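# Structural characterization, general
In case you want the letters, here they are:
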Amino acid sequence: MTDFPTHPASLSNQAWEASELPAVELERLAAVARRAAEAGAEQLRHHFGHLERIREKGRAGDLVTEADVAAEQAVLAVLEQETPELGVLAEESGRRQGQGSPLEWCVDPLDGTTNYAHRFPFFGTSVGLTWNGQPLLGALAVPALEQLYWAAPGLGAWANNSPIRVSDCSELSQSLLVTGFAYDRHTRVDNNYAEFAWFTHRTRGVRRAGAAAVDLAFVADGRLDGYWERGLSPWDLAAGVVLVEQAGGVVCAYDGGPAELASGKLIACTPGLRQALIEGLGACKPLAGGSYGAPELDAPNLDP
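Structure report, in brief. Remember, predicted model here, so these are calculated numbers, not experimental data. (Residues numbered from 1 in each chain as written. Predicted model: local features only at pLDDT ≥ 70, side-chain atom pairs only at ≥ 80, totals over all residues. Heavy atoms only, no water.)

For the structure on display, the rule yields nine salt bridges. Here Glu-25 makes a salt bridge to Arg-28, at a shortest N to O gap of 3.0 Å. With a gap of three residues between them, Glu-25 and Arg-28 both fall in helix H2 (residues 23–47), about one helical turn apart. In this structure Glu-25 comes out as partly exposed when scored by relative accessible area, which is 24%. Residue class for Arg-28 comes out partly exposed when judged on its relative accessible area of 31%. For Arg-230, the salt bridge identified is with Asp-184, shortest N-O distance 3.2 Å. A residue pair is termed long-range when its members are at least 10 positions apart, and Arg-230 in the loop between strand E13 (226–229) and helix H7 (234–246) and Asp-184 in the loop between strand E11 (176–178) and helix H5 (193–200) qualify at 46 residues. (Salt bridge = Lys/Arg side-chain N within 4 Å of Asp/Glu carboxyl O. Helix = DSSP H or I, 4+ residues; strand = E, 2+ residues; numbered from the N terminus. Buried < 20%, exposed > 50% of the residue type's maximum accessible area, 1.4 Å probe, protein only.)

This part takes up the packing of aromatic side chains. What the rule picks out here adds up to ten aromatic pairs. For the pair Trp-198 and Phe-199, a centre-to-centre distance of 5.0 Å together with 75° between the ring planes defines the contact as edge-to-face. Considering the side-chain rings of Phe-199 and Trp-228, the 4.8 Å spacing of their centres and the 45° angle between planes classify their relative orientation as tilted. One end of the pair, Phe-199, is in helix H5; the other, Trp-228, is in strand E13, and 29 residues separate them in sequence. Overall, the relative accessible area of 0% leaves Phe-199 in the buried class. Members of the aromatic cluster, connected to one another through ring pairs, are Phe-181, Tyr-193, Phe-196 and Tyr-292. Above the plane of the ring of Trp-150 lies Arg-34, whose end atom (NZ or CZ) is 4.2 Å from the centre. (Phe/Tyr/Trp six-rings, centres within 6.5 Å; stacked < 30°, edge-to-face > 60°. Lys NZ or Arg CZ within 6 Å of the ring centre and 35° of its normal.)

This paragraph deals with the sheet that holds strand E14 (residues 250–252). With respect to topology, five strands assemble into an open sheet ordered E12-E11-E13-E15-E14, the strand pairing being mixed. The open sheet is flanked by strand E12 (205–207) and E14, the only strands paired with a single partner. Along the sheet, successive strands turn relative to each other by an average axial angle of 20°, direction set aside. Most of the contacts of helix H8 (residues 274–283) go to strand E15 (residues 266–269), to which it runs at about 150°, and overall it touches E11, E13, E14 and E15. (Pairing = 2+ DSSP bridges. Axes fitted to C-alpha atoms, helices over the stretch in contact; angles between N-to-C directions. Contact = heavy atoms within 4.5 Å.)

Structure below.
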């Protein structure tokens, strides 16, 4: 394995230090994450283009399919066999309590369900492991690319058998960024539209591909230079945060403080863009809803 220098305050490095897990156990758990992600991805391959039922989970655009369920069952089967004592937080089935350990798996069986339902090949199975809520290690299988991303402290960040690194971009004007829009964007004026426009005007472009874990993997792999988003869940972020950090990138809150998975919002980027992203996000104010055809969002008492 190859060690890569990472930001000293990285969440995953802190989690490993706090956990006091031996290196051999960390490596074993990273292998479990890889096997679990691959098991989920195999179900995604099987069901791709053959869905029989697509439904909403209560929020407009928040979809679930039989592929989500099958992939989650496959992931959980691996985790139950390999680490029955550990808790699991999974997108579709919720939380299963462990046997007192601060370690907990965070599982997104199909990151990018809307893409998947439309046969847009940008999706994956994400399996992260947290220590007291902080990301520790993770794996992400991206079937359309035949890529298995994984990372852990001391082991670096990898795509299949090749080490990966964030880009060396340090100029916003030369960067390619990525972001996303939360499911509640139709009901909140704080919906990331202003930020998207601000950065699009000052960079080589901002992509919106619709799968947060894959976005983070692409930042770790140097395909993209930076990422920000709000309205996310821990299973969206747990594996991807470790990938970025262990590939030499930085992860922080919008204001530059420590990121927290529970907040659902963060910045992940190459070190040279950290300050520019913090300043840019701080400069943005929500756009008036009426400017994009949603005057109802400008109601005086609407919670931003």
